[in-house]
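# Descriptive structure summary
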Amino acid sequence: MSKHEQATIEHILERMRQTGKSEAECELVQRAYAYALEMHEGQVRVSGEPYITHCLEVAYILADLGLPHISGGVIAAALLHDVLEDCESKGATL
């Protein structure tokens, strides 16, 4: 991914696989993304960007580090970090 491209779930999953994350971790991240995307539907930032863009960027930064202690769960948490704060979601749902 170039510095000028926006992160996508595909970029994140590709980087996770390149750094040796398991398919189970990738599936967890895919489920977190689907939920975050649903919860942020229709939300935009002042800049006009979809709200999910920030969450994808944070998740990509973590995936790109490739550190062994950054699990799929940590990357999933990056995708979900604004859901409780900014959406109509309950903690128990997560």
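Residues numbered from 1 in each chain as written. Predicted model: local features only at pLDDT ≥ 70, side-chain atom pairs only at ≥ 80, totals over all residues. Heavy atoms only, no water.

## Focus: the overall build of the protein
Cut-off, in case you're wondering: Labels follow the DSSP assignment, with helices taken as runs of H or I lasting at least four residues and strands as runs of E lasting at least two, numbered in each case from the N terminus. Contacts are assigned to residue pairs with any non-hydrogen atoms lying within 4.5 Å of each other. All accessible-area figures derive from a Shrake-Rupley calculation using a 1.4 Å probe, and residue coverage is judged against the displayed protein chains alone.
Counting its secondary structure elements, the protein contains 5 helices and 0 strands. The linear arrangement of helices and strands in the protein, starting from the amino end, is α-α-α-α-α. Long-range contacts, defined here as pairs at least 24 residues apart, represent 61% of the contacts in the protein between residues at least 6 apart. Approximately 5,700 Å² of the protein is accessible, and the part contributed by carbon and sulfur atoms is 55%.

## A look at the side chain of lysine 21
The criterion, for reference: Each residue gets one of three labels from its accessible area relative to the maximum for its type: buried under 20%, exposed over 50%, partly exposed in between, using a 1.4 Å probe on protein chains only. His is not counted here, nor are the chain ends, while Lys and Arg score as positive and Asp and Glu score as negative. Basic side-chain nitrogens of Lys or Arg form a salt bridge, by our definition, when they fall within 4 Å of a carboxyl oxygen of Asp or Glu.
Mapped onto the fold, lysine 21 is located in the loop between helix H1 (9–18) and helix H2 (23–39). Summary of buried charges: lysine 21 has no salt-bridge partner, and the nearest side chain of opposite charge, glutamate 25, is 5.4 Å away.

## Brief notes about the packing of aromatic side chains
Put simply, the test is: Any Phe, Tyr or Trp ring, taking Trp's six-membered ring, that has another such ring centre within 6.5 Å forms a pair; planes under 30 degrees apart are called stacked, those over 60 apart edge-to-face, and the others tilted. The criterion is that NZ of a Lys, or CZ of an Arg, lies within 6 Å of the ring centre and within 35 degrees of the ring normal, and then a charge sits over that ring.
As enumerated under the stated definition, the model contains 0 aromatic pairs in all. Residue placement shows arginine 45 over the ring face of tyrosine 51; its charged tip is 3.9 Å from the ring centre.

## Quick look at H1
Listed as buried for H1 are Ile9, His11, Ile12, Leu13 and Met16. Each element contacted by the buried residues of H1 is listed here: H2, helix H3 (52–65) and helix H4 (72–80). Glycine 20 sits one or two positions beyond H1 and adopts a positive phi of about 85°.

## Description of the packing of H2 against H4
To keep things clear, this is the line we draw: Lines fitted to C-alpha atoms define the axes, with helix axes restricted to the stretch in contact, and inter-axis angles between N-to-C directions lie between 0 and 180 degrees. Orientation categories follow fixed angle ranges, with anything under 35 degrees roughly parallel, anything over 145 roughly antiparallel, 65 to 115 roughly perpendicular, and all other angles oblique.
Where H2 contacts H4, the axes come no closer than 8 Å and their chain directions differ by 10°. Our classification of the angle between H2 and H4 gives roughly parallel. Facing Glu25, Leu28, Val29, Ala32, Tyr33, Tyr35 and Ala36 of H2, the residues of H4 in contact are Gly72, Gly73, Ile75, Ala76, Leu79 and Leu80.

## Quick word on a nonpolar patch on the surface
The line we're drawing: Grouping into patches uses exposed residues only, defined as over 30% relative accessible area, and leaves out salt-bridged ones; the cut-off is 9 Å for like charges and 5 Å for nonpolar side chains (Val, Leu, Ile, Met, Phe, Trp, Tyr).
A contiguous nonpolar patch, built from Ile61, Leu65 and Leu67 and spanning about 270 Å² of accessible area, is present on the exposed surface. Inspection of the secondary structure assignment puts leucine 65 in helix H3.

## Digging into the nonpolar core
Our working definition: Remark: nonpolar core denotes a set of buried residues (Ala, Val, Leu, Ile, Met, Phe, Trp, Tyr, Cys) joined through side-chain atoms within 4.5 Å.
Counting 25 residues, the largest nonpolar core has Ile12, Met16, Val29, Leu56, Ile75 and Leu79 as the members making the most contacts within it. Ranked by residues supplied to this core, first place goes to H2 with 7 residues.

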